[in-house]
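So the chains spell out like this:
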Amino acid sequence: MSRKKLVGTSVARREDPRLLSGRGRFVDDIALPGMLHAQFVRSTVAHGEIASVDLSAVREVPGVVAAFTADDLELGDITAQLGRPLTEFVPTAMPVLARDKVRYVGEPLAIVVARDAYAVEDGLEAARVTYTTLPPVVSEEVALAPGAPLVHAEAVDNTLVDVSLFATDGIDEIFASAPYVVHVETRTGRQNALPLETRGAVAHWDDREEQLVLHTCTQIPHQVRTVAARSLRLDERAVRVVVPDMGGGFGQKCVVGREEIAAAAAALRLRRPVKWIEDRKDALSASFLAREQHYQVRAAFDADGRILGLDADVVCDMGAYSCYPFTAGIEPLMASAEMPGVYKVPAYRVRGRAITTNKAPTGPYRGVSRPQYVMVVERLFERAARELGLDAVEIRRRNVITDFPYTGVNNITYDPGSYLESLNLCEQLVKDEGWYGKQAAARAEGRHIGIGYSCFSERTGYGSTAFAQRKMQVVPGFDISEVRMDTSGAVTVTTGTMSHGQSHETTMAQIVADELGLDIAKVRLHQGDTDRITYGFGTFASRSITIGGSAVRLAAKKLGEKLRAIAAARWDIDPDDVELTDGVARRRDEPSVALTYEEIADIAYLRAHLLPKDIEPGLMAAATFDVFNDGTFSNATHGVVVELHEGTGQVEILRYVCVEDCGVAINPQVVEGQCRGGIAQGIAGALFEQVTYDDQGEPSATSFMDYKVPTAHEIPDVLIHHLETPSAFTETGAKGAGEGGTIGAPAAVLNAVNDALRVTGVELDNTPITPETVHRALHLEATS
């Protein structure tokens, strides 16, 4: 009897005993002999030329060991590139420490190193920096105004990216003749990804290995190694990046930060360990931010509510610099390429721009533009439904893709999904709970309850082909895995992905254990060490299971073939006649004849003379995996019920329903955790979080007193229902599940709020939706 498969079951997380008992090891837990502490002198102005950086008094502070400026360290810049003409993309160098000019409040100017964390803070206070201030560019309107100050001299009109990827012939005529044309303009607030663990690094020089070792919490260790080696002018062999346990990333740690490079440079110069831990103030104001986007979109519909065309203008405020390796193109290119989403859009035109302003730079954040473009498209369908007198769900039914594979107007081929099924089921679940009746009863009582939906897809499994279309100089895509068995029959597997809470130690082990017929307790995962892992692009864009998990399965399959080959050679049978199960290789025709994996390993390592000449000693295998089409698409529909409180304008979420399809769920409990966490972050963007700036570029939210974060009280219980449409393009049938919750929540919440406001005649299109905004809308009804 074959053993029960682990893939598809909610195996308990193998990480939890370590993490919940306090045995996790994070960057700040690392303590090395003679370790010094570092922090950064940061700009106090948003835009200015640096007149002087005087660190003489800093060096006299008791406990301070050293203080370095850009001139002292002479580091190479961090420059992200796209292979596009200057009319479409302007590269801008980001110095590790600002040299001649500062471009946002919080930009690092110098690094101070001291014997303890208290002395380093005293040292920062002694720094004296003088500036010739320049007019700050703090908004899209200022950035694009004629004669505006330039954040970068080379970026004319303060524009880093300006692309028009699609323009269907005759689209103007389509809009001119359409029976209905609806317009939506949306703006979304700037956000912080808020990982529980802030960024940090511990660097030291290893004399024996002649190697700089950098412990840091990053999602992309190999890219950090590349940038550190180039900036420090070392061979990559001389840099080792190690990632311990990590308390969240959400994309913010998916780019190379300046501070980790500067800390490594200080350790190299001083030949002593140096630790830098970002404090929460710096994390809120000077770390990589996200989301601030402006959409002006119109859609043409026929009399039956079927979409005829989509015309969009997208502007993304990317802050002061391009992030490495994705560049400032990450958000406008994502939005431009994928905006049609789950709908059959026959004609499409889009212009996408990334502008630069005197704000902290923007990096990826869970969803990357998809929460924004899904929100604007879902608002278009809501508005069209009202104008045409159609039900808001029915108009979606008439437009979602139902025949697969489907090649869209954006030249993307969508693999099979359950778009219509998820939409129908989500509506049915809301109906079955009686919410439409409760809404009617509440309205009769003068209460304001609304029901809203969002229907969307999440492109996952981006391979090299998909990323190459963006013309990135660094093209993520493939992943490499190595699987090896030792003489005890235990297995070690490596992956180039990097867990920051996604349960890789569990899900990757499930895949290997199933492939080898092995107890999951016998499988151990190694990740996040550039000396142990051949190469990898890390974790982002829901690629870990789709790409990394596929490489793991292929490597395990190869190792399984070798186990069969060794056993078959001992029995003089064909390897196909050998079955691997429960840690044993058995003859299919005579199951009592078997070799344990320990016995096979004993031959492979300790008695290799018994191996046939065509079988090499050892038990190890490696495999790579890439996707050479347009990737695979998860999909979901979210349904939300909200109540608006007239006295306070508060938005209370009464019910949240998610019907999701991520193909084969390796571990359903983990998928649900991803959904719930993503939905919480999506609700945060819809109702609470926003980083704002005054007219001098000073950030307003530098603590949790100012940056409004939802608590467990504001996040509702979520009903999750799984559908399963296996992917044909991954080895496990899995699609990605990491970002869907965040993508769907803002649109669903916004639509529910507007449904509750329907009696007022007011429609809201911007997020976050503040109580003040809701109160004004409800007060308008009360006074009309």
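The shown structure was predicted, so the numbers you read here are calculated from the model rather than taken from an experiment. By convention here, each chain's residues receive numbers from 1 onward along its written sequence. The predicted origin of the model limits local features to residues at a pLDDT of at least 70 and limits the giving and counting of side-chain atom pairs to 80 or more, whereas totals for whole chains, interfaces and linings rest on all residues. Here the side-chain values reflect all heavy atoms present in the structure, with hydrogen atoms and water set aside.

Asker: Can you explain helix α10 (residues 330-338)? Please cite residues and give values.
Answerer: Residue exposure (1.4 Å probe, protein chains only): buried if accessible area is under 20% of the type maximum, exposed if over 50%, otherwise partly exposed. For the purposes of this entry, the term helix denotes a DSSP run of H or I that reaches at least four residues, the term strand denotes a run of E that reaches at least two, and both are numbered from the N terminus. By the criterion of burial, α10 is predominantly enclosed, with nine of the nine residues buried. Within α10, burial applies to I330, E331, P332, L333, M334, A335, S336, A337 and E338. Where the residues of α10 are buried, they touch β9 (159-167), β15 (293-301), β16 (307-317), β17 (348-355), α11 (370-388) and β20 (448-460). Contacts were defined at the residue level, with two residues in contact if any of their heavy atoms lie within 4.5 Å.

Asker: Describe the environment of T168, and please don't skip the residues or the numbers.
Answerer: Topologically, T168 is positioned in the loop between β9 and α6 (171-177). A relative accessible area of 24% places T168 in the partly exposed class. At a separation of 2.9 Å, a polar atom in the side chain of T168 contacts the main-chain amide nitrogen of Y348. In protein, a polar contact means a hydrogen-donor-capable atom and an acceptor-capable atom, both N or O and within 3.5 Å, with residues adjacent in sequence counting only if both atoms are side-chain atoms; elsewhere, any N or O pair within 3.5 Å suffices.

Asker: Can you explain the pattern of salt bridges? Please cite residues and give values.
Answerer: The salt bridge criterion pairs a side-chain nitrogen of Lys or Arg with a carboxyl oxygen of Asp or Glu, the two atoms within 4 Å. In this structure the tally under the stated criterion is 56 salt bridges. The partner of D172 in a salt bridge is R298, with the nearest N and O atoms 3.9 Å apart. Here D172 is found in helix α6, whereas its partner R298 is found in strand β15, with 126 residues between them in sequence. Relative accessible area serves as the criterion here: at 22%, R298 is assigned to the partly exposed category.

Asker: Run through the nonpolar core, naming residues and quoting values.
Answerer: By convention a nonpolar core is built from buried Ala, Val, Leu, Ile, Met, Phe, Trp, Tyr and Cys residues, the set being connected through side-chain atoms within 4.5 Å. Among the nonpolar cores identified, the biggest contains 167 residues, and I111, M339, L644, Y656, I683, L687 and V753 are the most heavily contacted of them. Here I111 is in contact with A38, Q39, F40, A66, A67, F68, L73, L97, A262, A263 and A266, once residues within four sequence places are set aside. Counting residues in hydrophobic clusters, the runner-up holds 43 residues, among them V493, A555, Y597 and A623.

Asker: Break down a nonpolar patch on the surface for me, citing the residues and quoting the values.
Answerer: Together, Y605, L606 and M620 make up a nonpolar patch on the protein surface, roughly 310 Å² of accessible area in all. Counting through the fold element by element, L606 comes out in helix α18 (residues 597-606). Within the patch definition used here, like charges are joined within 9 Å and nonpolar side chains (Val, Leu, Ile, Met, Phe, Trp, Tyr) within 5 Å, considering only residues with over 30% relative accessible area and no salt bridge. Every accessible area reported is derived by Shrake-Rupley at a probe size of 1.4 Å, with residue values counting cover from the shown protein chains alone.

Asker: So, the sheet that holds strand β27 (residues 620-625): which residues are in play, and what are the values?
Answerer: Working definition: the strands of a sheet are paired by backbone hydrogen bonds and lie parallel or antiparallel to each other. Here the rule is simple: two strands pair whenever DSSP picks up at least two bridges between them. Judged by pairing direction, the sheet is mixed, and its four strands sit side by side in the order β23-β22-β21-β27 without closing on themselves. The open sheet has two edge strands, β23 (523-526) and β27, and neither has a second partner. Along the sheet, successive strands turn relative to each other by an average axial angle of 20°, direction set aside. With three bridges joining them, strand β21 (residues 479-485) and strand β22 (residues 491-494) adopt antiparallel strand pairing. Within β22, the position partnered with M485 by the bridge is V491. Only the contacting stretch of a helix is used when fitting its axis, a line to C-alpha atoms as for every element, and angles between N-to-C directions run 0 to 180 degrees. Relative to the sheet, helix α17 (residues 544-571) contacts β21, β22 and β27, its axis offset from that of β27 by approximately 145°.

Asker: Residues and numbers for the packing of helix α19 (residues 668-687) against helix α20 (residues 740-756), please.
Answerer: With their axes 7 Å apart at the nearest point, α19 and α20 run at an angle of 40° to one another. It follows that α19 is oblique to α20 by the angle criterion. Seen along the crossing, α19 lies across α20 with a hand that is right-handed. In contact with C675, G678, I679, Q681, G682, I683, A686 and L687 of α19, α20 contributes G741, T742, A745, P746 and V749. Classification used: nonpolar for Ala, Val, Leu, Ile, Met, Phe, Trp, Tyr, Cys and Pro, charged for Asp, Glu, Lys and Arg, polar for all others including Gly. Here the residues of the contact of α19 with α20 sort into eight nonpolar, five polar and no charged. Here the angle decides the label: under 35 degrees means roughly parallel, over 145 means roughly antiparallel, 65 to 115 means roughly perpendicular, and every other value means oblique. Definitions for this section: a left-handed crossing has its near helix turned counterclockwise from the far helix by less than a right angle. A right-handed crossing has that turn clockwise.

All we've got here are geometric facts, nothing functional implied.
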